[in-house]
Amino acid sequence: MRKHIVAGNWKMNKNATETKALLSDVKSSLGQLNSSKRIIVAPPYTSLFVAKESAKDSLLEVAAQNMHQSNSGAFTGEISADMLIDIGVNIVILGHSERRAYFGENDEILREKVNTALANGLEIIFCFGELLEDRIANNHFHVVEQQLTNVLFHLKEDDWKKIILAYEPVWAIGTGETATPDQAQEMHQFIRKLITKQYSDSLANEVSILYGGSVKPSNAKEIFSKPDVDGGLIGGASLQAGDFMAIVDAF
Ligand code: PEP
């Protein structure tokens, strides 16, 4: 059975001191957590070590927001998969729309990043989703199919044990605009059909597909009630322990 997953993408927010405080608040609500849920937080690189320390002996998991596609070398300012693993971070977000839009990450680079992450044993939260113009042109299914085909569909079925998908329509990220629960369900169902076609029905039913885009305590329950939505990737609302835990509790 697929586990419910709520992952917080903190983006460029929370220094190490603030990370400790936020996670202390999050942890104080974790007592009620049942183990069919996974809760993941993705602070900035400089807070990862502190986050790992804070998460020790709790069900909280820590992810990085990005990593470089090379294992090491002359890439000033970058962080490798091995550096993450070395501090106990075993999950990485790849393909976030902000990385695509502001840092030139295209499908080709993302495919390399996915391969490197898997080769190093990292689990991946892979983000993808259409722009507003794609949705208006009714091209959103095609765009999503292309993104998955270009970056993930070369993988072996076994590799998918380490893949969590996060459908994030770009027009809904940080805008306050949310896809309707039906729009999310429609796309998630489409994605499972693609996986069935490319791999198998059993894999399609095993892969967790999160929805991301302005999820908040007020809309989480309805979105999470959809059968093909296995959880959420949460940006803004993950920066407040109360809001984040209310979303976790929405399952
Ligand atoms: C995100 O950054 O992945 C995201 C979904 O942000 P927000 O929840 O703020 O829209």
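Look a little higher up for the structure.
Enquirer: I tried to follow the overall build of the chain on my own but got confused; where do I start?
Expert: From N to C terminus, the chain includes 11 helices and eight strands. For the chain, whose C-alpha radius of gyration is 17 Å, the value lies close to the compact-globule estimate of 18 Å for 251 residues. Principal axes of the C-alpha set define a box for the chain whose edges measure 45 × 45 × 35 Å. Expressed as a percentage of its 251 residues, the buried residues of the chain come to 51%. Of the contacts made within the chain by residues no fewer than 6 positions apart, 72% connect residues no fewer than 24 positions apart. Summed over its atoms, the accessible surface of the chain is roughly 11400 Å², and 50% of this surface lies on carbon and sulfur atoms. Side chains of the chain carry 24 positive and 32 negative charges; the gap between the two charge centres is 4 Å.

Enquirer: Just checking my understanding: could you explain the pairing of strand E2 (residues 37-42) for this structure?
Expert: Successive residues of a regular strand alternate their side chains across the two faces of the sheet. In terms of burial, E2 is a largely internal element, six of the six residues being buried. With burial as the criterion, each face of E2 is covered, one bearing Lys37, Ile39 and Val41 and the other bearing Arg38, Ile40 and Ala42. Where strand E1 (residues 4-9) lies against E2, six bridges are found, and the strand directions are parallel. Considered in E2, the bridge of histidine 4 is made with lysine 37. Sheet analysis places E2 next to strand E3 (residues 60-64), joined by three bridges and oriented parallel. Looking at the pairing, valine 41 lines up with valine 62 of E3. The handedness of the E2 to E3 crossover, carried by helix H2 (residues 45-55), is right-handed.

Enquirer: How should I be thinking about the packing of aromatic side chains in this particular structure?
Expert: Each aromatic ring pair is summarised here by two numbers: the centre-to-centre distance and the angle between the ring planes. All chains considered together, the criterion is met by nine aromatic pairs. Between phenylalanine 128 and tyrosine 167, the aromatic rings sit 6.2 Å apart at their centres with planes inclined by 45°, giving tilted as the arrangement. Taken together, the positions of phenylalanine 128 in strand E5 (residues 123-128) and tyrosine 167 in strand E6 (residues 163-167) put the pair 39 residues apart, joining distant regions of the chain. Assigned by exposure class, phenylalanine 128 and tyrosine 167 land together as buried. Arranged with centres 5.9 Å apart and planes meeting at 75°, the rings of phenylalanine 153 and tyrosine 199 form a pair that is edge-to-face. Residue phenylalanine 153 is located in the loop between helix H7 (140-151) and E6, and its partner tyrosine 199 is located in the loop between helix H8 (181-198) and helix H9 (201-206); the two are separated by 46 residues in the primary sequence. With relative accessibility at 10%, the residue phenylalanine 153 sits in the buried group.

Enquirer: Explanation requested: the environment of alanine 51 in the structure shown.
Expert: Note that alanine 51 resides in helix H2. Owing to a relative accessible area of 0%, alanine 51 belongs among the buried residues under this scheme. Through-space distance from the C-alpha of alanine 51 to that of asparagine 66 is 16 Å; in sequence the pair is 15 residues apart. Contact partners of alanine 51, with chain neighbours within four places excluded, come to Thr19, Leu23, Pro43 and Val62.

The rules behind these values
- Residues numbered from 1 in each chain as written.
- Predicted model: local features only at pLDDT ≥ 70, side-chain atom pairs only at ≥ 80, totals over all residues.
- Heavy atoms only, no water.
- Helix = DSSP H or I, 4+ residues; strand = E, 2+ residues; numbered from the N terminus.
- Rg over C-alpha atoms; globule rule 2.2 N^0.38 Å.
- Buried < 20%, exposed > 50% of the residue type's maximum accessible area, 1.4 Å probe, protein only.
- Contact = heavy atoms within 4.5 Å.
- Areas by Shrake-Rupley, 256 points an atom, 1.4 Å probe, with all protein chains shown as cover.
- Lys, Arg positive; Asp, Glu negative; His and termini not counted.
- Charge placed at Lys NZ, Arg CZ, Asp CG, Glu CD.
- Pairing = 2+ DSSP bridges.
- Right-handed = clockwise from strand over helix to strand, strands pointing away.
- Phe/Tyr/Trp six-rings, centres within 6.5 Å; stacked < 30°, edge-to-face > 60°.

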